[in-house]
Amino acid sequence: MRKLSIVTALTGLIAFGGTASAEHHNEADADQPKLIVAISVDQLSADLFAEYRSVFTAGLKRLSQGAVFPNGYQSHAATETCPGHATIMTGVHPGRAGIIANNWIDLSIGRDDKTVYCAEDERIEGTSFGDITAATQGDYVPSAWHLLVPTLGERVKLVSPESQNVAVSGKDRGALMMGGGKTDAIYWWKGKGFETQAGRALDPVVAAINADIAGTIDKARAPYAVPQHCEARTQKIGHGNGKSVGDYAFQRPEGASRIFRGSPDFDHVTINVANGLVDSMKLGQGKATDILSVSLSATDYIGHAFGTAGLEMCIQMGELDRQIGRLFKNLDEKNIDYVAVLTADHGGHDLPERLIIQGVPDAERIDPMLNAKGIATQVRENLGIETEDQLLYADSPFGDYYVSLNLAPEQKARVKTEAMRLLRAHRQVQTIVDGADLEDMPMPTGAVEEWSLAERARASYHPDRSGDFIVLLKRAVTPIASTARGYVATHGSPWDYDRRVPILFWRQGLQHFEQPMSVKTVDIAPTLASMAGIKIPADEIDGRCLDIDNGPGSNCK
Ligand SMILES: [Zn+2]
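These lines cover the structure that appears in this document, whether it is placed above or below.

Thresholds, definitions, all that
- Residues numbered from 1 in each chain as written.
- Predicted model: local features only at pLDDT ≥ 70, side-chain atom pairs only at ≥ 80, totals over all residues.
- Heavy atoms only, no water.
- Donors = N, O, S within 2.8 Å, 3.2 Å for Na, K, Ca; no water.
- Tetrahedral: all angles 85-135°; square planar, octahedral: opposite > 155°, others 65-115°.
- Helix = DSSP H or I, 4+ residues; strand = E, 2+ residues; numbered from the N terminus.
- Phe/Tyr/Trp six-rings, centres within 6.5 Å; stacked < 30°, edge-to-face > 60°.
- Lys NZ or Arg CZ within 6 Å of the ring centre and 35° of its normal.
- Salt bridge = Lys/Arg side-chain N within 4 Å of Asp/Glu carboxyl O.
- Buried < 20%, exposed > 50% of the residue type's maximum accessible area, 1.4 Å probe, protein only.
- Disulfide = S-S within 2.5 Å.
- Contact = heavy atoms within 4.5 Å.

1. Quick word on the coordination of the zinc ion
Then, in step 1: Within the protein, the zinc ion binds to Asp-42 (OD), Thr-81 (OG1), Asp-345 (OD) and His-346 (NE2); these donor distances fall in the range 2.0 to 2.1 Å.
Then, in step 2: If you look at the zinc ion, its 4 donor atoms make angles of 94 to 135 degrees with each other, and the shape they trace is irregular.
Then, in step 3: In primary sequence terms, the donor set of the zinc ion follows D-x38-T-x263-D-H. With Thr-81 in helix α4 (residues 81-88) and Asp-345 in the loop between β11 (338-343) and α13 (352-357), this residue pair connects regions lying 264 residues apart in the sequence.

Below, the structure written as structure tokens:
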């Protein structure tokens, strides 16, 4: 039994499942959950949670009856999957975590592909993330090495090495950013099944699940039944190229693995892996606290492919509720004393074509000329630059922009100034934040909903990885110019539809309360740490412990 650094005082206010307490040897231990279950639902905005809360009957209903913070924030500007997942189990903003975006540019690296993926190890020779001209396109090695701070699971293992740190996700970045580099098991989806880190063997339980998945994908799938409350949301919305969304119930032909990924079935198999590892690794059934991070990706793929307000998301919300319920049921059946927290890596909003007919007439898609290449062409003309060198680099039309390293300092400054001037003048651009201004800015504090746009950008800023300047688009500008590739809606903006996420805690006996004041996803790790008896020095976190004990006691000692 490990030494405890913190004695919590949840006296009597948090009751425990019967059999779990038999393993506890003293009073301090009795307060600690045997298992921490951290769930991230990719793209589950606070708006979606509010919209569907009344129809939940299973896992999300239970979470809605615990300590409910409906107004949680992914505080930062770059509301993408990797930065969002990096906040949940570390307690720090993405800038401090070093995870500034899903992808960024590193002009100093040797390989031809200067785009770095947040969850790859680009130091490994022959790898490439996404340069379409490279022979090894997409051949990257998943890794958590960019994550500069420990996760809660890694911290727990430092105190009690017998604790198990496990992560499962539909995306490698979801699992790696929640679990970190030191895990006892880590799984994510690749192609047609779940895989793990190089050099590790698949748990037989996961190999069996993969075999099942192959059989499922090989067969055609009938449409999901349409719940009555989804009927009013069923409406065909055209978005160009003769294509539409809004009335699809996830039927699919034989062998459609990509469609499988963008359907409720994807969360079903992710929960199968989580449940399988609870069984095979006996999570929550040992003497020390185990950590299980689960990132459910289907909501995000469905949001991107179909938007957030149609039949597709309506069906998904019901299925998500059921899948989380299956996880809880498995833990309940084993009488595991667990604390669960659920949040999201970012929010999201709907496709502009439906926003326009639903009361947001100024919603629109981004101008196809608004991107690094288009702006660089104008800069070249305006400044009379004759070199062939690419002047500006960016992974997407918004966010971090980088000026070429091959320019003399004086010319680099002129290119940066002219590019910022051109971008600022564009009608779809809200503001440009100069990276040099963020370097000296302290990490923002105070009411997160009132942070300036520069402060939001500061929370995503890392001096070694961020751009020379950061482009922030106007509200309701969707940064997808064409829907030809199947993505119709997205997230990533500094606006609250992308920042606001639910934060829900549940534990057996925890007395329900709802706190509408804003809190942050960086508050989750210090809260869970307090319950697990782990002390994180205040200067190592950006969040604070949330007192989820609805009474005079506190878990935050
Ligand atoms: Zn995401």
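Anyway, onward from the coordinates.
2. Thoughts on the packing of aromatic side chains
Then, in step 1: Inspection of every chain in the model, using the stated rule, returns 19 aromatic pairs.
Then, in step 2: An aromatic cluster is present here, built from Trp-189, Phe-194, Phe-260, Phe-266 and Tyr-301 joined pairwise through their rings.
Then, in step 3: Positioned over the ring face of Trp-145 is Arg-123, at 3.5 Å from the centre of the ring.
Then, in step 4: Its guanidinium or amino end placed over the ring of Tyr-224, Arg-221 lies 3.9 Å from that ring's centre, counting from NZ or CZ.

3. A look at the pattern of salt bridges
Then, in step 1: Using the criterion set out here, one finds 26 salt bridges in the structure.
Then, in step 2: A salt bridge links Glu-51 to Arg-233, with the shortest nitrogen-to-oxygen separation between them at 3.0 Å. A residue pair is termed long-range when its members are at least 10 positions apart, and Glu-51 in helix α2 (residues 46-52) and Arg-233 in the loop between α8 (204-218) and β8 (237-238) qualify at 182 residues.
Then, in step 3: Given a relative accessible area of 21%, Arg-233 falls into the partly exposed group.
Then, in step 4: Two residues, Asp-332 and Arg-62, come together in a salt bridge whose shortest N-O distance is 2.5 Å. With Asp-332 in helix α12 (residues 311-333) and Arg-62 in helix α3 (residues 59-63), the pair connects residues that are 270 residues apart, well separated along the chain.

4. Observations concerning the state of the cysteines
Then, in step 1: Scanning all chains against the criterion turns up 3 disulfides.
Then, in step 2: Two residues, Cys-82 and Cys-118, share a disulfide whose sulfurs are 2.1 Å apart. Taking the sign of the torsion about the S-S bond as the criterion, the disulfide between Cys-82 and Cys-118, at about 95 degrees, is right-handed. Taken together, the residues span a long stretch of sequence, with Cys-82 in helix α4 and Cys-118 in the loop between β4 (115-117) and α6 (152-159) at a distance of 36 residues.

5. Re the environment of Ile-100
Then, in step 1: Checked against the element boundaries, Ile-100 lands in the loop between α5 (94-97) and β3 (103-105).
Then, in step 2: The class for Ile-100 is buried, based on a relative accessible area of 0%.
Then, in step 3: In sequence terms Ile-100 and Ser-460 are 360 residues apart; their C-alpha atoms lie 5.1 Å from each other.
Then, in step 4: In contact with Ile-100, not counting residues within four places along its chain, are Ala-78, Pro-83, Pro-94, Asp-400, Tyr-402, Ser-460, Tyr-461, His-462, Arg-465 and Ser-466.

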